[in-house]
Amino acid sequence: MFPPANSEAKPLVSLSNVGVQRSGRWLVRGVDFSVSRGEIVTLIGPNGSGKSTTVKTAIGVLKPDEGTVERADGLKVGYVPQKLAVDWTLPLTVRRLMTLTGPLSEDDMTAALEAVGLSHMLGAEVQHLSGGEFQRALMARAIARKPDLLVLDEPVQGVDFSGEIAIYDLIQSIRNSTGCGILLISHDLHVVMAATDTVICLNGHVCCRGTPQAVTQSAEYVRLFGSRAAQALAVYSHHHDHTHLPDGRVLHFDGSVTDNCHPDDGHHHGHEGHDHAHHNHAGHSHDHHADDHSHDHKQPAGERHV
Ligand SMILES: Nc1ncnc2c1ncn2[C@@H]1O[C@H](COP(=O)(O)OP(=O)(O)OP(=O)(O)O)[C@@H](O)[C@H]1O
């Protein structure tokens, strides 16, 4: 088994004060984080908060308009995008999907499909795959070229709860067996993969970051979802001091409204270094909507709120 994330090693990718601007609007700004070999970093945030933009900037698909992105020399990236531009009217087999963007040896293709449990489906039509099988096929495609960094944009979309657990198990086993770094975007604002080392919550900037709180100790959660779910999923509890209004402006805790949301705009009160108590709320319901980003939950110690 690959050792846990090594914070001493040079990161595979490192973002420093990154901002991306389009049509005079900052899509993201002031984004700082890194992913090291063997580390799992999960980005969460409401729709339109800049998760895909951040990931694309991290892997070099987009160039930052501000700040820097450093990637390790010769970094090999395996990327599973949120959407795949495929003409679904044309027949496409799993074999063809695997080689769409470049040649692949038979051995590497077989090994990748075996790793995701799809080796028996080489000749299957992609259109006929279930949501979970399709995500696995995309993952096989990404791991076949043995990446140093695996980037997954919402890998559990269109997958049911037990499929979600199975995919998180798979991601963890890929990390354990290959030692690659993993950067993933979660569609859920609170429940993340338990093996995540760092959760980064984005909302145009890094709102907060921390470790997910393991839910394995919660008898209530285990009763509701089973012990396998508790091993695969964890709750990330957090609190924000501002609300993103539907028109894109930001309502701050002091009642002021600004066009943008940036850590240095003078409206954010820092919580850095506060000793917040852990608060297990597995199984609770949350009122965390895309346009209302506030909670009254306490958060794990060490999270940074800006
Ligand atoms: N090329 C572009 N030009 C202008 N605006 C853009 C462009 N690309 C993305 N955006 C906008 O930037 C914001 C962030 O988009 P992004 O796709 O990064 O968000 P996201 O957090 O991944 O969203 P989702 O959860 O819905 O996938 C959105 O408001 C989007 O409309």
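Residues numbered from 1 in each chain as written. Predicted model: local features only at pLDDT ≥ 70, side-chain atom pairs only at ≥ 80, totals over all residues. Heavy atoms only, no water.

If you check an unreviewed UniProt entry, the protein chain appears there as Zinc ABC transporter ATP-binding protein from Rhizobium altiplani. Turning to the protein chain, the UniProt record has this under Sequence similarities (unreviewed entry): "Belongs to the ABC transporter superfamily." (UniProt positions renumbered as here; feature names shortened; annotations may be inferred.)

So, about the site of the ligand. Taken together, 13 residues lie around the ligand, and R25, G48, K51, S52 and T53 are the ones closest in. One of the backbone nitrogen or oxygen atoms of G50 is found 3.0 Å away from an oxygen atom of the ligand. Protein chains shield 62% of the accessible area of the ligand, which is 650 Å² for the free molecule. Looking at the shell around the ligand element by element, the count peaks at 3 residues for helix α1 (residues 51-59). Of the residues that constitute the shell around the ligand, the class distribution is 2 nonpolar, 7 polar and 4 charged. (Near = heavy atom within 4 Å. Polar contact = N/O pair within 3.5 Å; in protein donor to acceptor, adjacent residues only side chain to side chain. Areas by Shrake-Rupley, 256 points an atom, 1.4 Å probe, with all protein chains shown as cover. Helix = DSSP H or I, 4+ residues; strand = E, 2+ residues; numbered from the N terminus. Nonpolar A, V, L, I, M, F, W, Y, C, P; charged D, E, K, R; others polar.)

With respect to the element layout, T53 can be found in helix α1. When near neighbours in sequence (up to four residues on either side) are disregarded, T53 contacts V20, L27, V28 and L62. (Contact = heavy atoms within 4.5 Å.)

Among the residues making up helix α3 (residues 106-115), those that are buried are M109, A112 and L113. One side of α3 carries all its buried residues, which in axial view fall inside an arc of 95 degrees. In α3, the exposed residues that point more than 90 degrees away from the buried face are D107 and E114. Considering only its buried residues, α3 is in contact with α2 (94-98) and α4 (131-143). Positive backbone phi, at 75 degrees, marks G117, one or two positions downstream of α3. (Buried < 20%, exposed > 50% of the residue type's maximum accessible area, 1.4 Å probe, protein only. Arc of directions from axis to C-beta.)

Turning to the pattern of salt bridges, a few remarks are in order. Pairing between side chains becomes possible if they bear opposite charge and their charged atoms approach one another. All told, the structure shown has 6 salt bridges when counted by the stated rule. Here R22 ties to D65 by a salt bridge, and the two come within 3.6 Å at their closest N and O atoms. Taken together, the residues span a long stretch of sequence, with R22 in strand β1 (residues 13-22) and D65 in the loop between α1 and β4 (66-71) at a distance of 43 residues. Taking the shortest distance from any N to any O, the salt bridge between E106 and R95 comes out at 3.0 Å. Of this pair, E106 sits in helix α3 while R95 sits in helix α2, and the two are 11 residues apart along the sequence. (Salt bridge = Lys/Arg side-chain N within 4 Å of Asp/Glu carboxyl O.)

Quick look at helix α5 (residues 161-178) now. If you check α5, its first and last C-alpha atoms are 26 Å apart, about what 18 residues at 1.5 Å a residue would give, namely 26 Å. For α5, the set of buried residues is G163, E164, I165, A166, I167, Y168, L170, I171, I174, R175 and N176. G179 sits one or two residues past α5 and shows a positive phi near 75 degrees. (Expected span 1.5 Å × (residues − 1).)

With phi around 45 degrees, S23 is a residue other than glycine that occupies positive phi space. Structurally, S23 is set in the loop between β1 and β2 (25-35). With a phi angle near 50 degrees, K146 is a residue other than glycine that sits in the positive phi range. Looking at the secondary structure, you find K146 in the loop between α4 and β6 (149-153).

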